[in-house]
Amino acid sequence: MDDVAFSTKELALPNGLLPRRAELTIPALARSLVGRESEQHQLHTLLHDPACRLITLLGVGGVGKTHLALQVAHTLLAQAQYMHGVFFVALDAPLPSAIASERLAALIARSLGLAISESVPAADQVLDFLRERTLLLLFDDAEFLETGTDFVSLILAYAPEVKILATSRKRLGIAGETICIIDGLQYPLEQKDRPILEYSAVTLFAQLVHIQNPQIQITDQILADMSRICGLIDGLPLGIELAAGWASILSCSEIATELEQSLDLLTTDRPDLPARQRSLRVAFNSSWDLLVPTEQQALMQLALFHGSFSREAAEAVLHDPALTAGQRASLLNLLAGLINKSMIRREPAHTIGGPTRYRLPGVIRQYAAEQRSQQDTSQSSEQRHMQFCLGMLDRLTVQLRGPEQQVALARINADMADIRAAWRYAITTRDTARITRATPSLFHLYDMRSWFREGAEMFGLARRALATDHPEASTALALGCVLAREAWFTFYLGRIDEAARLFDQSVALLRAQEASAELIFPLNYQAAVMAYAGDYPRGLALAQEGLTVARTLKDQYGQAVACNILGQTAYDQGDDHAARTWSQQSLALEEQIGNRWSMAFSLVNLGKVAARTGGLVDARRLFRTSLDIRQQLGDIRGIAICLRYLADTAAALGELSDAADQYEQCYRLFGEIGDQWGMAESLRNLAQLAQALKEADVATRLLQEGLRLAITIQAKPQVIAILRILEQLMPNSDIDWQQALIQMATPTARVEPATPEVSQLLAWAANPATSAIRLDHALTVLRDRIAQSLAPVAITNSVPANNSNSAGLTARELEVLELVAQGLSDAQVAEALIVSRRTVTSHLSTIYSKFQVGSRTAAIRAARDSGLLKA
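Residues numbered from 1 in each chain as written. Predicted model: local features only at pLDDT ≥ 70, side-chain atom pairs only at ≥ 80, totals over all residues. Heavy atoms only, no water.

A. Highlighting the overall build of the protein chain. Secondary structure summary: the protein chain contains 40 helices and 10 strands in total. Across the protein chain, every contact between residues at least 6 apart in sequence was considered, and the portion connecting residues at least 24 apart equals 68%. Roughly 37200 Å² of accessible area belongs to the protein chain as shown, and the carbon and sulfur atoms make up 51% of that amount. (Helix = DSSP H or I, 4+ residues; strand = E, 2+ residues; numbered from the N terminus. Contact = heavy atoms within 4.5 Å. Areas by Shrake-Rupley, 256 points an atom, 1.4 Å probe, with all protein chains shown as cover.)

B. How the structure looks around the sheet that holds strand 10 (residues 357-359). Spatial ordering of the open sheet is given by 8-10-9, a layout of three strands whose pairing is antiparallel. The outermost strands of the open sheet, each flanked by one partner alone, are strand 8 (309-310) and strand 9 (345-347). Relative to strand 10, strand 8 runs antiparallel, the two being bridged by two bridges. In the strand pairing of strand 10, Phe309 is matched with Tyr358. (Pairing = 2+ DSSP bridges.)

C. Region of the structure containing the pairing of strand 4 (residues 86-90). Most of strand 4 is tucked away, with four of its five residues classed as buried. Inspection of the sheet shows strand 4 paired to strand 5 (residues 135-140) by five bridges, in the parallel sense. Note on strand 5: the bridge partner recorded for Phe87 is Leu137. (Buried < 20%, exposed > 50% of the residue type's maximum accessible area, 1.4 Å probe, protein only.)

D. Molecular detail of the sheet that holds strand 5. Read from one edge to the other, the open sheet built from five strands follows the order 4-5-6-3-7, with strand pairing classed as parallel. The sheet is open, and its two edges are formed by strand 4 and strand 7 (177-181), each paired on a single side. In this sheet, adjacent strand axes meet at a mean angle of 20° when their direction is disregarded. Relative to strand 6 (residues 162-168), strand 3 (residues 54-58) runs parallel, the two being bridged by five bridges. (Axes fitted to C-alpha atoms, helices over the stretch in contact; angles between N-to-C directions.)

E. View of the pattern of salt bridges. Scanning the model with the defined rule gives 29 salt bridges in all. A salt bridge links Asp183 to Arg345; the shortest N-O distance between them is 3.0 Å. Here the residue Asp183 occupies a position in the loop between strand 7 and helix 6 (200-212), and Arg345 occupies one in strand 9, the gap between them amounting to 162 residues. A residue is classified by how much of its surface remains accessible, and Asp183, at 32% relative accessible area, is partly exposed. For Arg420, the salt bridge identified is with Glu454, shortest N-O distance 2.5 Å. One end of the pair, Arg420, is in helix 18 (residues 416-428); the other, Glu454, is in helix 20 (residues 452-466), with 34 residues separating them in the sequence. What makes Glu454 buried here is its relative accessible area of 18%. Linked through salt bridges whose partners overlap, the residues forming this network are Glu312, Arg357, Arg411 and Asp415. (Salt bridge = Lys/Arg side-chain N within 4 Å of Asp/Glu carboxyl O.)

F. Expanded view of the environment of Asp618. Here Asp618 shows up in helix 28 (residues 616-633). Looking at Asp618, the relative accessible area reads 42%, which means it is partly exposed. Considered as a pair, Asp618 and Lys608 are 10 residues apart in the sequence and their alpha carbons are 9.8 Å apart.

G. Main features of the packing of aromatic side chains. The final tally for this structure, using the stated rule, is 20 aromatic pairs. Here the aromatic rings of Trp488 and Phe491 are separated by 5.1 Å at their centres, their planes lie at 40°, and the arrangement is tilted. With Trp488 and Phe491 both in helix 21 (residues 473-492) and three residues apart, the pair spans about one turn of that helix. Phe491 carries the same exposure label as Trp488, and that label is buried. Of the aromatic side chains, those joined through ring pairs into one cluster are Trp423, Phe443, Tyr446, Trp451, Phe452, Phe459, Trp488, Phe489, Phe491, Tyr492, Phe521 and Tyr525. Of note, Arg133 hangs over the ring of Phe129, and the distance from its end group to the ring centre comes to 4.0 Å. Above the ring of Phe443, the side-chain terminus of Arg485 is found at 5.8 Å from the ring centroid. (Phe/Tyr/Trp six-rings, centres within 6.5 Å; stacked < 30°, edge-to-face > 60°. Lys NZ or Arg CZ within 6 Å of the ring centre and 35° of its normal.)

H. A look at the side chain of Arg133. Topologically, Arg133 is positioned in the loop between helix 4 (122-130) and strand 5. Buried charge without a partner: Arg133 forms no salt bridge, and the closest opposite charge is Glu132, 6.0 Å away. Here Phe129 takes part through its backbone oxygen, which lies 2.6 Å from a polar atom of the side chain of Arg133. (Lys, Arg positive; Asp, Glu negative; His and termini not counted. Polar contact = N/O pair within 3.5 Å; in protein donor to acceptor, adjacent residues only side chain to side chain.)

I. Seen up close, the side chain of Ser381. When you line up the elements, Ser381 lands in helix 15 (residues 380-395). Within the structure, the side chain of Ser381 is placed 2.9 Å from the side chain of Gln301, a separation counted as a polar contact. Leave out the neighbours within four places in its chain, and Ser381 touches Gln301, Leu304 and Val317.

J. Representation of the packing of helix 18 against helix 20. In the contact formed by helix 18 and helix 20, the axes pass within 9 Å of each other and the chain directions differ by 20°. Put simply, helix 18 runs roughly parallel to helix 20. Considering only the axes of helix 18 and helix 20, their crossing is left-handed. Residue-level inspection shows Met416, Arg420, Trp423, Arg424 and Ile427 of helix 18 in contact with helix 20, the latter providing Glu454, Glu457, Met458, Phe459, Leu461, Ala462 and Ala465. Within the contact of helix 18 with helix 20, the residues separate by chemical class into eight nonpolar, no polar and four charged. (Parallel < 35°, antiparallel > 145°, perpendicular 65-115°, else oblique. Left-handed = near helix turned anticlockwise from the far one by under 90°. Nonpolar A, V, L, I, M, F, W, Y, C, P; charged D, E, K, R; others polar.)

K. Highlighting the pairing of strand 6. With seven of seven residues buried, strand 6 is to be regarded as a mostly interior element. Residues of strand 6 alternate between two faces, with Val162, Ile164, Ala166 and Ser168 on one and Lys163, Leu165 and Thr167 on the opposite face, all of them buried. Sheet topology note: the strand 5/strand 6 ladder contains five bridges and is parallel. Each bridged residue has a counterpart across the sheet, and for Leu135 the counterpart in strand 6 is Val162.

L. Representation of the packing of helix 30 (residues 656-673) against helix 31 (residues 676-692). One can describe the packing of helix 30 onto helix 31 by two numbers: an axis separation of 8 Å at closest approach and a directional angle of 160°. Relative to helix 31, the element helix 30 is oriented roughly antiparallel. Like other packed secondary-structure pairs, helix 30 and helix 31 cross with a definite hand, here left-handed. The residues of helix 31 that touch helix 30, namely those facing Leu656, Ala659, Ala660, Tyr663, Glu664, Cys666, Tyr667, Phe670 and Gly671, are Gly678, Met679, Ser682, Leu683, Asn685, Leu686 and Leu689.

M. Expanded view of the confidence of the model for the protein chain. Looking at the protein chain, pLDDT values average 83 and 88% of them are 70 or higher. Confidence drops under pLDDT 50 across residues 1-25; counting only partners more than four residues distant or on other chains, this segment forms 73 contacts. Counted against residues more than four places away or in other chains, residues 796-804, with its pLDDT under 50, gives 21 contacts. (pLDDT = per-residue confidence, 0-100.)

N. Broad picture of the environment of Ala201. Tracing the sequence through the fold places Ala201 in helix 6. When the C-alpha atoms of Ala201 and Gly35 are compared, they prove to be 7.9 Å apart, with 166 residues separating the residues in sequence. Apart from the residues within four sequence positions on either side, Ala201 is in contact with Leu185, Gln186, Tyr187, Cys230, Gly235 and Ile240.

O. View of the state of the cysteines. Inspection of the entire model under this criterion finds zero disulfides. Left without a disulfide partner, Cys666 is nearest to the cysteine sulfur of Cys642, which lies 9.2 Å away. Classification of Cys666 by relative accessible area gives buried; the value is 0%. (Disulfide = S-S within 2.5 Å.)

P. Structural detail: the environment of Arg395. With respect to the helices, strands and loops of the structure, Arg395 is situated in helix 15. Exposure remark for Arg395: the relative accessible area of 52% places this residue in the exposed category. For the pair Arg395 and Ala408, spaced 13 residues apart in sequence, the C-alpha separation works out to 9.8 Å. In contact with Arg395, not counting residues within four places along its chain, are Glu312 and Phe388.

Q. The arrangement of helix 11 (residues 293-302) in detail. Counting buried positions along helix 11 yields seven of 10 residues, so the element is predominantly enclosed. Within the sequence span of helix 11, burial applies to Glu295, Gln296, Ala298, Leu299, Met300, Gln301 and Leu302.

R. Looking closely at helix 30. Between its first and last C-alpha, helix 30 extends 26 Å over 18 residues, near the 26 Å set by a 1.5 Å rise per residue. Once helix 30 finishes, Gly674 follows within two positions and takes phi at roughly 75°, a positive value. (Expected span 1.5 Å × (residues − 1).)

Here's what the structure looks like:
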């Protein structure tokens, strides 16, 4: 029983039956209940349902079952919902088996204030008393009813107007029992959908901390620490109360740090609390004692799971892989027992028909892990956990490269916390075979999700653990594979030279092992890096070799990647015919194997060629198709790339507002994933818009930041492109842009800060004094300037703006008008065209001006009269 004190109320019993004593002891709430609105509503609904006679409030110790039940009971008392009252029956120990019914009847009688005659069994007297009464019995700690459930069944059978609300750590297993599961209070997860203090766990913690330390000022950092604490203890009210008790001695940050190490902090010597509430460990000890030895052993092993897990995963960890039908049934009963005793939760299904998943609450997982460390020194469970997780990765490689990519990504996402743990365990045990087989899938996950930092970190961990002067064959193979993946993510993070060195080491190791299949990856991906760095001859040679090896091995995936890179490289060198040919080959291969993620790259490459050769309509269609794939797969970098090319198309058509919106979205998305190359390119594109609008200061500030990023990541082609624009913008600058261009264009030139000319450029780029405009202000000025400009301005010279209609509407303005005519709101139009709502409003204002009308309806009518829209 938690958070209660005792008060008294008069009790009058009908029909002339008087209890032995005139007063009834009723627990009163020591403090108000925080949160639990939905749980209260659920309980009230169930208690008003005539079909629900026995409701068990099920949850782990310390979750606040008693507090919630008492709050509901007090509400029912105040509303006089039960003619004869609500009665609290406290159970604090198991009932003796031989006299369980009599002992339980005596407890109920004492709660009722009913005098028991020694000449008649107490159970008979209580049943007779309850038979014609309308009341609610609240059994607290009903897990101790295990031997007294027969008497509870008798009450339900012979007292039809009596209802029972029980708080328990395990199901009672009585016919007609309705379960209401209660978890911890709500606390912020990674995605916060409301202010932190609106989460009930944090609200409670803040209230209790204020009691301990009234002078505390709640800052954003303290709120973040409070959220962290609430997450570490799963929002358990008892844990929150015990943790908050330290607020007068420790900071919230220190409390969180202590909790990460052990549950031992969650204790108090407060005399007003029952002994079982003075420590979370004591509360869990009593729950642990409810488990039979096989359940205890299983819980210790299942504590290896860091997140939710499937039945298949549980089977793999608890037993050897090949299970008989009997063993599977036994395991299912074991899981059921742990769920019934509140030690495991069944997770709600995220997809209809998807496999059931389970989870240990974090604090129970920590407790069970401590028990395992004390009782089980073998590592067989850890080994089985690693084998299952990495084996799953290995089996999903084909799906990740084929039509089931989305399904495979969702499967891996669900187990990601355990995959990380398994990968680290494989590294620690130097299980090179499993590292090698799991590497491709793990790479695809990080690449498709744009998790570049984690990818570099995880493959870097493996590389450092496996590195040795003279590795064995299996170690060399694993090392060569992880080196190449680390290199790719290192490149994405802007460290091109480091990436090139890692690729060189990978290729050397795999060549020495004659590992042709594994060699395809570093050949292809290093080719892409060389193209980005401007070393086209080497890039082409590597990609051609990768293609040759892939063809020899009939590896369609490897062939598609090589063709894709060859297409990109040809485009960068201005060879549109070769770019189109290679990209069509890659797309055909990708369609054969169903690799939609890779198709998105080929579609972009074909779109770039179409745009440069004048086919902007086709280009936009190709870019949008690619964007749709990227959005479905959640590929942030891919989304940003597509938006960039859609912006290029809009800019070429003079749709500057759309272009600026999409370039800025690119800049933000690239920044989110740490892709400095993409950030620099987006800034260069925005600067070109500013330059076209004769906003030299804005363009200069954007290029300044872009140049700094390009130098930081040593992206020579980018540096050269930026210098060319600066030469036009600032011909009289202290820097000789022409000379800088000549130096950078030299094949042997390196973009390193230590080089004198590069150092001078970096000093200029890093000095805001050379431009009086802040970066964020520069973007605002650019947007405002675009909004003021009604006349379309084409940014590229290859394709003029589309002004072929009599009203002078651009292609984008016609698109906006068509969507408006279909009845879409401004927000829906913005979503359809991937622009901001502000941009749609700007387009509509321009349309109204060109038609000389003042409303959407009038503009649609004018467009139809002009033949621009169908009637």
